[in-house]
Structures are given as structure tokens and as C-alpha cells.
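# Examination of the molecular architecture
For reference, the chains in residue letters:
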Amino acid sequence: MNLTRRHLLTAAAEVGAFAALSRALPSTLFAQPAIAAAGKEKLIVRSTRPPDYEAPVGLLDSWITPIDSFYVRSHLPPPPAGDANTWTLQVGGEVDAPTSLSIADLRGMPSTTLTATLECAGNGRGFYQPAVAGVQWGRGAVGTARWTG
């Protein structure tokens, strides 16, 4: 692609217009306080809407990652709080018999525990040259935990 001076000036004008517009709008529209959710205060805030928190590499110093050091990756805002006493899981579609399961039903089922490592596919994205779009993770979007379900 051959960019001309006109293209560059047009792009610069558009960026300048957006910057001017953003200064004219209320600061709360774009503001994201760099405060992690309760229990995640040690983590690096990459985004608060939706919540994306990265573990500083210095916290990844044990085989099992402590909960307060485990990274958070969200593509959407958290769902609204629900009432565990009335919530149900509807199972339908290609099943022999559709059913509805409560929290008590799920907790009464047999469970198993396994140890697994999770790593965000974008881990390390902040080091790409040239830069690419997305959460600019360092090396802390990874953790190992014992999962039970």
C-alpha cells in the first residue's frame, strides 16, 4: 500500500478529531480506575471493563498458583449476581430426556479433582513487534491450579 501525504494528513486529522472529542466528553466515559477486584490487589490491571488482571512474574513462584495470584481473563462483563436458591441449569437439545439441575443437585454429584495449567493464548502479546491488537499481556497470564468439579 502506497500512502500519500494526503492519506497521512487525513489520518492525523481523524486522530486529532478523536482526541479533541475525547477531551470534550466526560472523563468517566473512558476512565478505568487501575484497581483490581477484591482478592486480586497484587495483580497488574490490564482492563477493568471487562476485568483482565495479570500476575506479576515474581508471584509465579510455586507449583500451584495461589488464588490471589491467578490471572483473570474476561471477554465480557461478569454476569449479574443471581440467587443460588432459585438458579437452575437447563439441559436440553440432543439429550434423551431434558432436565433441570439446581445448585444442590450439582453439588450432590460425584466430583473429581485434577491439576491443570491454564494460559491465555495472548500471553506475551505485549512483546510483539510490531504491536498487535488485544490485551497487552506480559508473561503473567498463566497459572496452575487444582480444579474440582
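Worth saying up front: this structure is predicted, and the values here are computed from it rather than measured.

A word on the overall build of the chain. A count of helices and strands for the chain gives two helices and six strands. Listed by position from the N terminus, the elements making up the chain come as α-β-β-β-β-α-β-β. Each of the 149 residues in the chain was classed as buried or not, and the buried ones make up 21%. Here the analysis covers contacts within the chain between residues at least 6 apart in sequence; of these, 48% occur between residues at least 24 apart. Approximately 11100 Å² of the chain is accessible, and the part contributed by carbon and sulfur atoms is 62%.

In this structure, F70, Y71, C120, V135, W137, A141 and A145 together form the largest nonpolar core, which totals seven residues. Once residues lying within four places of it in the same chain are set aside, the contact partners of C120 are Y71, R73, W137 and A141. Membership of the second largest hydrophobic core comes to five residues, among which are A36, L43, Y53 and A55.

Let us now look at the confidence of the model for the chain. When pLDDT drops low, the exact placement of atoms in the prediction is not to be read closely. Residues at a pLDDT of 70 or more form 78% of the chain, whose mean pLDDT is 85. The secondary-structure element of the chain with the lowest mean pLDDT is helix α1 (residues 5-24), recorded at 50, while strand β5 (residues 113-119) shows the highest, at 98. Note on residues 15-31: pLDDT is under 50 here. Beyond four places in sequence and across chains, it has seven contacts.

One can find T144 in strand β6 (residues 142-148). In this structure, the C-alpha to C-alpha distance between T144 and S62, residues 82 residues apart in sequence, is 9.1 Å. Those residues in contact with T144 that lie beyond four places of it in its chain are W63, I64, T65, F70, T115, A116 and T117. Here T117 takes part through its side chain, which lies 2.6 Å from a polar atom of the side chain of T144.

Thresholds, definitions, all that
Residues numbered from 1 in each chain as written. Predicted model: local features only at pLDDT ≥ 70, side-chain atom pairs only at ≥ 80, totals over all residues. Heavy atoms only, no water. Helix = DSSP H or I, 4+ residues; strand = E, 2+ residues; numbered from the N terminus. Buried < 20%, exposed > 50% of the residue type's maximum accessible area, 1.4 Å probe, protein only. Contact = heavy atoms within 4.5 Å. Areas by Shrake-Rupley, 256 points an atom, 1.4 Å probe, with all protein chains shown as cover. Core = buried A, V, L, I, M, F, W, Y, C linked by side-chain atoms within 4.5 Å. pLDDT = per-residue confidence, 0-100. Polar contact = N/O pair within 3.5 Å; in protein donor to acceptor, adjacent residues only side chain to side chain.

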